Amino acid sequence: MKALLEKLCRQRRLEREEWEGLLARRREIDRAGLFSRAEAERRRHFGDAVFVRGLIECSSFCKNDCRYCGIRRSNRRAARYRLDRATVLACCEKGYEWGFRTFVLQAGEDPGLTPEGVAETVRAIKARFPDCAVTLSLGEFPREVYQLWFDAGADRYLLRHETADPDHYACLHPPELTLAHRLDCLRDLKDIGYQVGAGFMVGSPGQSARTLAADFCFLQEFRPHMVGLGPFIPQKDTPFAAEPAGTLEDTLLLLALVRLTLPRALLPATTALGTIHPQGRELGILAGANVVMPNLSPPAVRGKYALYDNKLCTGDEAAEHLAGLKKRLKAIGCTVAVSRGDFPGAEGEAKNKC
Ligand code: 5AD
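Figured I'd write up the structure that's included with this text. (Residues numbered from 1 in each chain as written. Predicted model: local features only at pLDDT ≥ 70, side-chain atom pairs only at ≥ 80, totals over all residues. Heavy atoms only, no water.)

**Concerning the packing of helix 2 (residues 16-24) against helix 9 (residues 209-222)**
Then comes step 1: The geometry of helix 2 relative to helix 9 is characterised by a closest axis approach of 8 Å and an angle of 130° between their N-to-C directions. What the angle tells us is that helix 2 and helix 9 run oblique. As helix 2 packs across helix 9, the resulting crossing turns out to be right-handed. Contact with helix 2, carried on its side by Arg16, Trp19, Glu20, Leu23 and Ala24, involves Ala209, Arg210, Leu212, Ala213, Ala214, Phe216, Cys217 and Gln220 of helix 9 and no other residues of that element.
Then comes step 2: Its residues assigned to classes, the contact of helix 2 with helix 9 shows 9 nonpolar, 1 polar and 3 charged. (Axes fitted to C-alpha atoms, helices over the stretch in contact; angles between N-to-C directions. Helix = DSSP H or I, 4+ residues; strand = E, 2+ residues; numbered from the N terminus. Parallel < 35°, antiparallel > 145°, perpendicular 65-115°, else oblique. Left-handed = near helix turned anticlockwise from the far one by under 90°. Contact = heavy atoms within 4.5 Å. Nonpolar A, V, L, I, M, F, W, Y, C, P; charged D, E, K, R; others polar.)

Written as C-alpha cells, this is what we have:
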C-alpha cells in the first residue's frame, strides 16, 4: 500500500492492476498522511489560493434519461425552467460585483438552448466582462457546436466522463448514451483548445475498485485540466432512489488520489460534498481540492435544479454569502483568489517531490 503511494507520487501514474489493488484496499490507507501529502501538493502549485467560480444553472430541461439524475426527462415531478439571456447576464453582473471572475453556465441537455443562442450569450458575457472566464457545462454536442462556442469566447468546458468502464456507464445511462461518445466529446473539446473538466460521482451504483481503476487510468492518460468529483446522492424520483449515497470518506480519499495523480488540476470541493457533511467542502480542500463553485443562479430557481435530494442552496454555498465562505476558508489557512484561476500549465510539472 505504502509502496504504491510512493510510486504514485514519483511517477504520477500506476498500472491498472496497481490502481485496482490500491482502491480495493483503500480502507487500509493512512488517511491523515495521504491528505497532508495531497494538501502539500496543492500548496506547492497554488499556495493558499482557492478559486471560486459562480455557477449559473441555466436550464433544468433535459432530453436525457440518466438513471441517477433528478432532472432526467422521465421525471415528471421535476420542476422545469430556462433562464433567458438577460437573466443570465444579471447573474453575472451580481457575481462580478461580489468578486467572481469565472462564470459557469450549466444546464441539462436542453433542446431549447440553441447553439447560436448559447454563442450569443457567451459573446454578451465576454463583451461585458472581458476579464472573466466563461465555462460551459451543457452536455454532449457535435464538434462544430463546441467550436462555435469556443469562437464565441468560451474558455472552459465541464463534461464529467461519469465512469470510464463501459459496462458501468451502461448501468448508469440509457442505451442511447455511450462511453465511447462521451470520450469523443472530451477529446474534441481538448483538441479545440478548451480547458477541459472530466470527473465522476463517488459511490454511484455499480462502482467498484475495478471501475475506479478505469477512472484513474483514464485521468492519468487524458490529463484533464479539471476533475469534478462529488458523492452520488440519491434523488427520490429516480430509479436509484433507494441506493445508498457515496461517503465522505471515499470522496476525500479519491480527491487526494486525484491531486497526487494530477498535481496541477483544478479540483472542486463540490456542492454534493457540502450536502453530505456540514464541513464537506473544507474537508475536501484539506484533502487537496482547490476550487469552490458557489451558486449564482437566481434564488427563485435554485430549488428547481434538483439533481439530487437536499441539495444545499441557501447557506455559504450561495454566491451572496461569499464573505461567509471566505471566513470558513481562512479558518483552514486558505484565501479566495480573485483571478480567473486558469490551469497553471504543464511546464515544470515537478515530479518526485511528495
Ligand atoms: N448525485 C450526485 N451528483 C449527481 N449528478 C447528477 N445526478 C447526481 C446525483 N444524484 C452529477 C453528474 C453530472 C453533474 C452535473 O452532476 O455527475 O455530471
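**Brief notes about unusual backbone geometry**
Then comes step 1: With a phi angle near 60°, Arg12 is a residue other than glycine that sits in the positive phi range.
Then comes step 2: Among the secondary structure elements, Arg12 is positioned in the loop between helix 1 (2-11) and helix 2.
Then comes step 3: Here the phi dihedral of Glu162 falls at roughly 75°; this positive angle occurs in a residue that is not glycine.
Then comes step 4: Turning to its location among the elements, Glu162 is positioned in the loop between strand 5 (156-158) and helix 7 (166-172).

**Some points on helix 4 (residues 85-98)**
Then comes step 1: Taking 1.5 Å per residue as the helical rise, helix 4 with its 14 residues ought to reach 20 Å, and the 20 Å between its terminal C-alpha atoms agrees with that figure.
Then comes step 2: Along helix 4, the positions that sit buried rather than exposed are Val88, Cys91, Cys92 and Gly95. Down the axis of helix 4, the buried set is contained in an arc of 100°. They therefore lie on one face. Counted as exposed and oriented over 90 degrees from the buried face of helix 4: Ala86 and Glu97.
Then comes step 3: Buried positions along helix 4 lie against strand 2 (54-59), strand 3 (102-107) and helix 5 (115-128).
Then comes step 4: Directly beyond the C-terminal end of helix 4, a positive phi value near 110° is found at Gly99. (Expected span 1.5 Å × (residues − 1). Buried < 20%, exposed > 50% of the residue type's maximum accessible area, 1.4 Å probe, protein only. Arc of directions from axis to C-beta.)

**Brief notes about the packing of aromatic side chains**
Then comes step 1: Applying the stated criterion across every chain, the model contains 13 aromatic pairs.
Then comes step 2: Relative to Phe51, the ring of Phe46 lies with its centre 5.8 Å away and its plane at 80°, an arrangement referred to as edge-to-face.
Then comes step 3: Judged by relative accessible area, which is 10%, Phe46 ranks as buried.
Then comes step 4: Members of the aromatic cluster, joined through ring pairs, are Phe141, Tyr146, Trp149, Phe150, Tyr157 and Tyr194. (Phe/Tyr/Trp six-rings, centres within 6.5 Å; stacked < 30°, edge-to-face > 60°.)

**Let's talk about the sheet that holds strand 2**
Then comes step 1: The 6 strands lie next to each other as 2-3-4-5-6-7, forming an open sheet whose pairing is parallel. Two strands in the sheet have a free side with no partner beyond their single neighbour: strand 2 and strand 7 (226-231). Neighbour to neighbour, the strand axes of the sheet diverge by 20° on average, direction disregarded.
Then comes step 2: Direction of pairing for strand 3 relative to strand 4 (residues 133-137): parallel, over a ladder of 5 bridges. Paired with Thr102 across the bridge in strand 4 is Ala133.
Then comes step 3: Packing against the sheet, helix 9 makes contact with strand 6 (195-202) and strand 7, and its axis sits at approximately 170° to strand 6.
Then comes step 4: Running at roughly 165° to strand 7, helix 10 (residues 248-261) makes contact with strand 6 and strand 7 of the sheet. (Pairing = 2+ DSSP bridges.)

Keep in mind that these numbers describe shape and distance, not what the molecule does.
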